[in-house]
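Residue-level listing of the chains:
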Amino acid sequence: MDGEIKQTIKVLSSQTDMNTKVGLIESCALFQDNMCEFFGNLKCDGVYLVPIRHAFWAITKNKIRFCGDACWRDIIDVTTRLTKLSGVRLNLESRIEKSGVLVAECLQELCAMDSDTRKLRLISSIPEFPKDIGVGEKSCDFEFDKLDFELSENDFVKETVISANNIDFFGHTNNIEYVKLMYGTIPSNIIKNYRLKEFEIHYIKESREQDTLKIFRRDENSRYLFEIKKDDITLCKAILKFENWLTKNW
């Protein structure tokens, strides 16, 4: 069975940032949407699995490298394919291309999670996931990094309470909501004048409605370190890198 899906879409205004480009949040959303379509095509997406298998797919790591621009009304191709499969985890590699030119590429690590116990599940416990699925060769030239930094109270930026519009079908804060919380602490002049270079986020623990989260950020030249905590428990960590747009032509 083919382990790949490709969609051709028109970039809508709601899928662009203040520069009318597909920015960080929008790229994360496109890659997540295509990931969901990947599992939907296999008929083993979370919406289908929760009622019958009490399981869903959870992103544990996500890394995106930016190398071009997609703008409002552009026609783009978003491709996702399986590149690694083990007993408990799998990797999906995705690409956004415009007229055959690479705009951004993404590496996602996912695991199966029990919707009742919130513990990891063996992929073999989900019979709907095809045993004969094809595993393609990895094409992106990057791997996940170790985000082993620790941020302190000196790096505290803001506090927020998770509300109903932050949670998804699985009853927890959606992956992209964490990205929005982090990115929302970056000044608009940075977003306007610097190009995105790379973003990596590791999801460690989940949060729920009415949880109070603290966002920490440390600025290091052209990169930002992030950590989101509930009480003293780290929920996720991320690194965002920029490069000056004046010195970069795609």
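Residues numbered from 1 in each chain as written. Predicted model: local features only at pLDDT ≥ 70, side-chain atom pairs only at ≥ 80, totals over all residues. Heavy atoms only, no water.

Undergrad: Just to check I follow, could you spell out the packing of aromatic side chains for this structure?
TA: Geometrically, a pair of aromatic rings is defined through the distance of the ring centres and the angle of the planes. By the definition in use, this model includes 9 aromatic pairs. Geometrically, the ring pair formed by Phe 38 and Phe 39 is edge-to-face, given 5.2 Å between the ring centres and 85° between the ring planes. On the accessibility criterion, Phe 38 (2% relative accessible area) is buried. A relative accessible area of 1% places Phe 39 in the buried class. Centre to centre, the rings of Trp 57 and Phe 129 are 5.6 Å apart; their planes meet at 55°, and the pair counts as tilted. Within this pair, whereas Trp 57 is found in strand 2 (residues 55–66), its partner Phe 129 is found in the loop between strand 6 (120–121) and strand 7 (156–161), the two being separated by 72 residues in sequence. Given a relative accessible area of 5%, Phe 129 falls into the buried group. Taken together, the ring pairs in this structure connect Phe 38, Phe 39, Trp 57 and Phe 129 into an aromatic cluster. Against the face of Phe 156 rests Lys 214, its NZ or CZ located 5.8 Å from the ring centre. A cation over a ring is seen here: Lys 229 above Phe 216, with NZ or CZ 5.3 Å from the ring centre. (Phe/Tyr/Trp six-rings, centres within 6.5 Å; stacked < 30°, edge-to-face > 60°. Buried < 20%, exposed > 50% of the residue type's maximum accessible area, 1.4 Å probe, protein only. Helix = DSSP H or I, 4+ residues; strand = E, 2+ residues; numbered from the N terminus. Lys NZ or Arg CZ within 6 Å of the ring centre and 35° of its normal.)

Undergrad: I would appreciate a short explanation of the pattern of salt bridges in the present structure.
TA: On inspection of all chains with the given rule, the structure shows 24 salt bridges. Between Glu 105 and Arg 95 there is a salt bridge, and its shortest N-O distance comes to 3.9 Å. Taken together, the residues Glu 105 in strand 5 (residues 101–114) and Arg 95 in strand 4 (residues 89–98) connect sequence positions 10 residues apart. Of the residues examined, Arg 95 reaches a relative accessible area of 24% and is grouped as partly exposed. Each of Lys 63, Arg 65, Asp 141, Asp 145, Glu 198, Glu 200 and Lys 241 takes part in one network of salt bridges that share partners. (Salt bridge = Lys/Arg side-chain N within 4 Å of Asp/Glu carboxyl O.)

Undergrad: Help me out: how do you make sense of the layout of surface pockets in this one?
TA: Where empty space is left in the structure can be found by rolling a water-sized probe over the atoms. Taken as a whole, the largest pocket holds about 810 Å³ of empty space. For the largest pocket, the lining is made up of 35 residues, of which Phe 56, Ala 58, Ile 59, Met 113 and His 172 are closest to its centre. Elements supplying a minimum of two residues to the lining of the largest pocket: helix 1 (24–41), helix 2 (46–53), strand 2, strand 5, helix 3 (175–183), strand 8 (194–203) and strand 11 (233–244). Tallied by class, the residues present in the lining of the largest pocket amount to 18 nonpolar, 8 polar and 9 charged. By volume, the second largest pocket amounts to about 280 Å³. What lines the second largest pocket is a set of 20 residues, among which Lys 21, Asp 69, Tyr 194, Arg 195 and Leu 196 lie closest to the centre. Counting residues per element, the ones that place at least two in the lining of the second largest pocket are helix 4 (188–193) and strand 8. In the lining of the second largest pocket, the residues fall into 11 nonpolar, 4 polar and 5 charged. (1 Å grid on protein atoms, 1.4 Å probe; cavity = no way out; pocket = protein on both sides within 12 Å on 5 of 7 lines; lining within 4 Å. Points joined across faces, edges and corners; volume = space filled by probe spheres on them. Nonpolar A, V, L, I, M, F, W, Y, C, P; charged D, E, K, R; others polar.)

Undergrad: Where do I start with empty space enclosed by the protein in this structure?
TA: What the rule picks out here adds up to 2 cavities of 30 Å³ or more. What lines the largest cavity is Cys 28, Phe 31, Gln 32, Ile 59, Asn 62, Gln 108, Asn 175, Ile 176, Val 179 and Tyr 203. Elements represented by at least two residues in the lining of the largest cavity include exactly helix 1, strand 2 and helix 3. Considered class by class, the residues forming the lining of the largest cavity number 6 nonpolar, 4 polar and no charged.

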